[in-house]
Amino acid sequence: MSKISAAITAVGGYVPEYVLTNKMLEDMVDTNDEWITTRTGIKERRILKEEGKGTSYLAIKAAQNLIDKSGIDPLEIELVIVATATPDMKAAPTSAYTATQIGAKNAFSFDLEAACSSFLYGMSVASKYIESGKYKKVLLIGADKNSSMINYEDRATCIIFGDGGGAVLFEPNQEGLGLQDEFLRSDGIGRDFLQAKYGGSSYPSTPEAIKNHEHQVFQDGKTVFKNAVFNMADVAVKILERNKLTVNDVSWLVAHQANKRIIDATANRIELEEEKVMMNIQKYGNTTSATLPLLLCDYESKLKKGDNLIFAAFGGGFTWGSIYLKWAYNS
Ligand SMILES: CC(C)(COP(=O)(O)OP(=O)(O)OC[C@H]1O[C@@H](n2cnc3c(N)ncnc32)[C@H](O)[C@@H]1OP(=O)(O)O)[C@@H](O)C(=O)NCCC(=O)NCCS
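Residues numbered from 1 in each chain as written. Predicted model: local features only at pLDDT ≥ 70, side-chain atom pairs only at ≥ 80, totals over all residues. Heavy atoms only, no water.

Summing up its helical and strand segments, the protein chain has 10 helices and 13 strands in all. Relative to its length of 331 residues, the protein chain is compact, with a C-alpha radius of gyration of 19 Å against a globular reference of 20 Å. For the protein chain, with 331 residues in total, the buried portion stands at 55%. Restricting to contacts in the protein chain with at least 6 residues of sequence separation, those with at least 24 account for 77%. Of the roughly 14,400 Å² that the protein chain leaves accessible, carbon and sulfur atoms contribute 50%. Of note, the protein chain has its 36 positive side-chain charges centred 2 Å away from the centre of its 41 negative side-chain charges. (Helix = DSSP H or I, 4+ residues; strand = E, 2+ residues; numbered from the N terminus. Rg over C-alpha atoms; globule rule 2.2 N^0.38 Å. Buried < 20%, exposed > 50% of the residue type's maximum accessible area, 1.4 Å probe, protein only. Contact = heavy atoms within 4.5 Å. Areas by Shrake-Rupley, 256 points an atom, 1.4 Å probe, with all protein chains shown as cover. Lys, Arg positive; Asp, Glu negative; His and termini not counted. Charge placed at Lys NZ, Arg CZ, Asp CG, Glu CD.)

Around the ligand there are 23 residues in total, and Thr31, Arg39, Gln219, Lys222 and Asn259 lie nearest to it. Between a nitrogen atom of the ligand and a side-chain N or O atom of Gln219, the distance comes to 2.7 Å. Here an oxygen atom of the ligand sits 2.7 Å away from a polar atom, N or O, in the side chain of Asn259. Protein contact buries 73% of the 950 Å² of open area that the ligand shows by itself. (Near = heavy atom within 4 Å. Polar contact = N/O pair within 3.5 Å; in protein donor to acceptor, adjacent residues only side chain to side chain.)

Grouped together as the largest cluster of nonpolar side chains are 77 residues, with contacts concentrated most on Phe170, Leu296, Phe311 and Leu325. Mapped onto the domain boundaries, this core takes at least three residues apiece from domain 1 (5–176) and domain 2 (179–326). For Phe311, the contacting residues outside a window of four places in its chain are Leu120, Met123, Val254, Leu292, Leu296, Gly321, Ser322, Ile323 and Leu325. Within the second largest apolar cluster, 22 residues are counted, among which are Ala10, Leu139, Ile141 and Ala167. (Core = buried A, V, L, I, M, F, W, Y, C linked by side-chain atoms within 4.5 Å. Domains from an automatic or database assignment.)

Now for the UniProt feature "domain: Beta-ketoacyl-[acyl-carrier-protein] synthase III C-terminal" (unreviewed entry) in the protein chain. Using the residue numbers shown here, the UniProt feature "domain: Beta-ketoacyl-[acyl-carrier-protein] synthase III C-terminal" (unreviewed entry) corresponds to residues 240–327. Structurally, residues 240–327 comprises 30% helix and 23% strand, and the distance from its first C-alpha atom to its last is 16 Å. (UniProt positions renumbered as here; feature names shortened; annotations may be inferred.)

Read across the sheet, 4 strands follow the order E8-E13-E12-E11 without closing on themselves; strand pairing throughout is mixed. Both edges of this open sheet fall to strand E8 (178–186) and strand E11 (252–255), since each of them pairs with a single strand only. Each strand axis lies, on average, 15° off the axis of its neighbour in the sheet, ignoring direction. Across 8 bridges, strand E12 (residues 308–315) lies against strand E13 (residues 319–326) in antiparallel orientation. Paired with Gly315 across the strands is Thr319, a residue of E13. Across the sheet, helix H7 (residues 221–242) is in contact with E8, E11, E12 and E13; its angle to E12 comes to roughly 150°. On top of the sheet, helix H10 (residues 291–299) reaches E11 and E12; it is set at about 140° to E11, its chief contact. (Pairing = 2+ DSSP bridges. Axes fitted to C-alpha atoms, helices over the stretch in contact; angles between N-to-C directions.)

Attention now moves to the layout of surface pockets. The calculated volume of the largest pocket comes to roughly 1,500 Å³. Together, 46 residues line the largest pocket, and Ala85, Thr86, Pro87, Met149 and Ala196 are the ones closest to its centre. Those elements giving two or more residues to the lining of the largest pocket turn out to be helix H3 (55–70), helix H4 (94–101) and strand E9 (194–195). A per-class count over the lining of the largest pocket returns 19 nonpolar, 19 polar and 8 charged. Per-domain counts for the lining of the largest pocket show at least three residues from each of domain 1 (5–176) and domain 2 (179–326). Lining of the second largest pocket is provided by 30 residues; of these, Ile160, Gln219, Gly221, Lys222 and Asn259 occupy positions nearest its centre. Taken together, the elements giving at least two residues each to the lining of the second largest pocket come down to helix H2 (33–40), H7, helix H8 (260–269) and E12. Per element, the largest residue contribution to the lining of the second largest pocket is 7 residues, and it comes from H7. Class assignment of the residues belonging to the lining of the second largest pocket gives a composition of 14 nonpolar, 10 polar and 6 charged. Residues from two domains meet in the lining of the second largest pocket; each of domain 1 (5–176) and domain 2 (179–326) gives at least three. (1 Å grid on protein atoms, 1.4 Å probe; cavity = no way out; pocket = protein on both sides within 12 Å on 5 of 7 lines; lining within 4 Å. Points joined across faces, edges and corners; volume = space filled by probe spheres on them. Nonpolar A, V, L, I, M, F, W, Y, C, P; charged D, E, K, R; others polar.)

Next up on the list: the environment of Val217. Structurally, Val217 is set in the loop between helix H6 (207–211) and strand E10 (218–219). For Val217 and Ala196, which are 21 residues apart along the polypeptide, the C-alpha to C-alpha distance reads 4.4 Å. Dropping the residues within four chain positions of it, Val217 is found in contact with Met149, Ile150, Asp154, Thr157, Leu194, Gln195 and Ala196.

Written as structure tokens, this is what we have:
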């Protein structure tokens, strides 16, 4: 019998209706549309405004979209992984609530957190369950309500982040399609440069910390930018070399959407033409765990069975990596 690989067989996505444009940000902080567009490529982002709705709302909507499109029976799903950096609550996984709400009553579930690399790492984990031969349907959801941890008085962060959710279904494949190789890394040096310091176990939140916005995201953008540019390009090159792929073999670059200049730098490093670079940062900004599956949703109709996709991501921690996946279906 041929080897079992883990293929993506369905995708779904969801973004909230509320649109926060660059123009609206001009009234909130000292910035302008021209600066944001040229420095990041972002024009607008979506924000989940409704009180009491958290990341699970985005995750459930994305998963329901996948279920509706694919016709899969939720009772057949065996594992639900929610990749997120903004769980609904502490001590209660977002995944368990999400799985129950979508009717995946026969599944076990867990959250996976690796900042903006959460979904990429989740692809690695989800595929291992499939490759083991023990599981046949693993639902991987990436969702983040970033607006819950952003200070909308800080122009260094509020222009970048948005909210959203995306989902993919992994199933066994014996035609050699699906996940081929991965190159994943992390370096704890990064946490000084991108973090929400208060509200975790090291520094539980205090009224003083909240007053100073220290429970919200702080970012040294320049340092994060430099590390993202170097490392995302480096792992993309490594995964191509290791799999003896030339740039002509690459159908699509599916890169984390944090800054268009970081994505362009990765594409330039592997000398990939612009038409093969998936891009939706202009509409959504950085949606953390949702960016990769939202790209797949936006480009699903263009993807063909056998296409070689190179995923690349970089995030807080630092965490980063690249995955080589062969697309498994025509839509
Ligand atoms: C945040 C980021 C867009 C800032 O862009 P940058 O080119 O590095 O800009 P700098 O921080 O060097 O700032 C350049 C100038 O623009 C100003 N500036 C910063 N944010 C601004 C804003 N929103 N609007 C207008 N001006 C701004 C700075 O104060 C600085 O002014 P100065 O030269 O007078 O000091 C960029 O660093 C970035 O994208 N970093 C990585 C983000 C990322 O990937 N984060 C998530 C990891 S997954």
